[in-house]
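As a plain string of letters, each chain reads:
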Amino acid sequence: MHTKSLFLFAVSAFTLIFSPFLYADTENVSDINARSECMNKDIAARVFLPDGYNSQPDKRWPVVYLLHGHGGNFKSWNGIRPDLQKVATRYETIIVCPDGQNTWYWDSIKDKNVKYETYITKELVPLIDSKYRTIADRSGRAITGLSMGGHGGLWFGFRHPDIFGACGSQSGGVDIRPFPRNWHMADALGQQSDNPQAWEDHTVINMVNRIKPNELYITIECGTEDFFYEVNEALHKKLLYMNIPHDYATRPGKHNSDYWKDSIDYQLLGFSKYFSRAAAEKSHLKPQKKN
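Residues numbered from 1 in each chain as written. Predicted model: local features only at pLDDT ≥ 70, side-chain atom pairs only at ≥ 80, totals over all residues. Heavy atoms only, no water.

Q: So what exactly am I meant to see when it comes to the overall build of the protein here?
A: In terms of regular secondary structure, the protein is built from 9 helices and 8 strands. When burial is assessed residue by residue, the protein has 52% of its 291 residues classed as buried. Sequence-distant contacts in the protein: of pairs separated by 6 or more residues, those separated by 24 or more amount to 72%. As presented, the protein carries roughly 14600 Å² of accessible surface, and 51% of it is formed by carbon and sulfur atoms. (Helix = DSSP H or I, 4+ residues; strand = E, 2+ residues; numbered from the N terminus. Buried < 20%, exposed > 50% of the residue type's maximum accessible area, 1.4 Å probe, protein only. Contact = heavy atoms within 4.5 Å. Areas by Shrake-Rupley, 256 points an atom, 1.4 Å probe, with all protein chains shown as cover.)

Q: Can you walk me through the packing of aromatic side chains in this structure?
A: Geometrically, a pair of aromatic rings is defined through the distance of the ring centres and the angle of the planes. Tallying each qualifying case throughout the model produces 16 aromatic pairs. Where Tyr-53 meets Tyr-132, the ring centres are 6.5 Å apart and the plane angle is 65°; that geometry is what we call edge-to-face. In this pair, Tyr-53 sits in the loop between strand S2 (41-48) and strand S3 (63-67) while Tyr-132 sits in the loop between helix H4 (116-131) and strand S5 (141-145), placing the two residues 79 residues apart along the sequence. For Tyr-132, a relative accessible area of 9% puts it in the buried group. A ring pair is formed by Phe-227 and Phe-228, whose centres lie 4.8 Å apart and whose planes are at 65°; its orientation type is edge-to-face. Residue class for Phe-227 comes out partly exposed when judged on its relative accessible area of 44%. Taken together, Trp-104, Trp-106, Phe-179, Trp-183, Phe-227 and Phe-228 form an aromatic cluster joined through their ring pairs. Above the plane of the ring of Trp-61 lies Lys-59, whose end atom (NZ or CZ) is 4.1 Å from the centre. (Phe/Tyr/Trp six-rings, centres within 6.5 Å; stacked < 30°, edge-to-face > 60°. Lys NZ or Arg CZ within 6 Å of the ring centre and 35° of its normal.)

Q: Is there a simple way to explain the pairing of strand S8 (residues 247-251) in this structure?
A: Consecutive side chains along a regular strand alternate between the two faces of the sheet. In the sheet, strand S7 (residues 217-223) pairs with S8 via 5 bridges, with the strands oriented parallel. The residue of S8 that forms the bridge with Cys-222 is Thr-250. Taking the sense of rotation as the criterion, the β-α-β connection linking S7, helix H8 (residues 229-241) and S8 turns out right-handed. (Pairing = 2+ DSSP bridges. Right-handed = clockwise from strand over helix to strand, strands pointing away.)

Q: Quick question: what am I supposed to make of the sheet that holds S7 here?
A: Within a sheet, adjacent strands bond to each other through the backbone by hydrogen bonds, running parallel or antiparallel. Taken together, 8 strands build an open sheet; the order of strands is S1-S2-S4-S3-S5-S6-S7-S8 and the sheet is mixed. Each edge of the sheet is formed by a strand with only one pairing partner; in this case those strands are strand S1 (29-36) and S8. The average undirected angle you get between the axes of adjacent strands in this sheet is 20°. Strand direction decides the pairing type here: S5 and strand S6 (residues 166-170), joined by 2 bridges, are parallel. (Axes fitted to C-alpha atoms, helices over the stretch in contact; angles between N-to-C directions.)

Q: Mind showing me how you'd approach H4 here?
A: A turn of α-helix holds 3.6 residues, and therefore any two residues three or four places apart point the same way. When the local axis directions of H4 are compared, the greatest deviation, roughly 30°, occurs at Leu-124, which is followed within four positions by the proline Pro-126. Taken across its 16 residues, H4 has 12 buried, putting it largely inside the fold. For H4, the set of buried residues is Tyr-116, Glu-117, Thr-118, Tyr-119, Ile-120, Thr-121, Glu-123, Leu-124, Val-125, Leu-127, Ile-128 and Asp-129. If you follow the buried residues of H4, they end up packed against S1, S2, S3, strand S4 (94-98), S5 and helix H5 (148-159). (Bend = angle between axes of the 7 residues up to and from the residue.)

So, in structure tokens, the structure goes:
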């Protein structure tokens with residue numbers, strides 16, 4: 001190997017080992033490896049910056065955390081919407097796609113090394129706020145996702161309204177109890193027959209009593225031909241019964257990317273309106289300067 005090649009190889013190896021970030025080729029799309037101390041490993045995420053981020057150094061931007069489904073990874077949403085950076089530009093938001101493996105974004109009660117709820121709330125969010133010009137409070141954060149990630153979006157929103165002011169779900173598994181043998185959930189919770197209370201405690205539909213009316217902006221979508229349709233209907237009815245305002249939409253569609261590639265636009269539009277309202281309220285509350 002030539003001396004120049006050895007030097008380039010050494011530089012590349014140094015970057016891979018010591019840098020917490022691995023950048024993709026484009027200016028506004030970055031693949032990062034975010035260190036998780038609670039799990040003692042690096043976890044990948046893909047970050048989409050809107051056009052204007054680099055040319056407006058004084059502007060701060062809201063962030064939408066976009067969670068993948070079971071069997072997916074941090075690249076999955078980009079596969080569903082190859083134009084996701086343009087989507088970020090359209091709605092004037094940073095989009096962050098973390099990797100959650102097949103964990104349902106829980107802190108596992110079976111494996112102390114699986115702590116994805118702790119990772120996202122206590123490690124990833126602060127890291128993103130430190131590395132990008134974000135609106136670093138709940139008024140500038142939303143979280144949503146598809147299927148397993150839809151459960152995750154509401155799980156985080158309902159349990160951490162101090163971190164996320166808005167949350168959503170697309171075709172979400174919002175009640176896990178009817179599906180005890182599916183999607184590796186028992187890996188985190190144990191078998192439902194052996195640990196029924198854990199399954200009660202780790203399903204979104206049982207989190208509704210934790211939230212207050214108007215505490216969160218909530219948006220939920222599900223196709224009428226989806227195997228999660230009935231549990232989403234039940235969640236919608238429970239939110240109505242509890243007098244929790246929320247947006248709820250159904251339309252013909254299955255549990256597939258054809259549905260999700262459209263549903264994300266509706267959700268981001270709702271989040272964009274929430275961010276605008278929150279910014280207006282904060283501006284109104286600021287003390288006016290005296291002449």
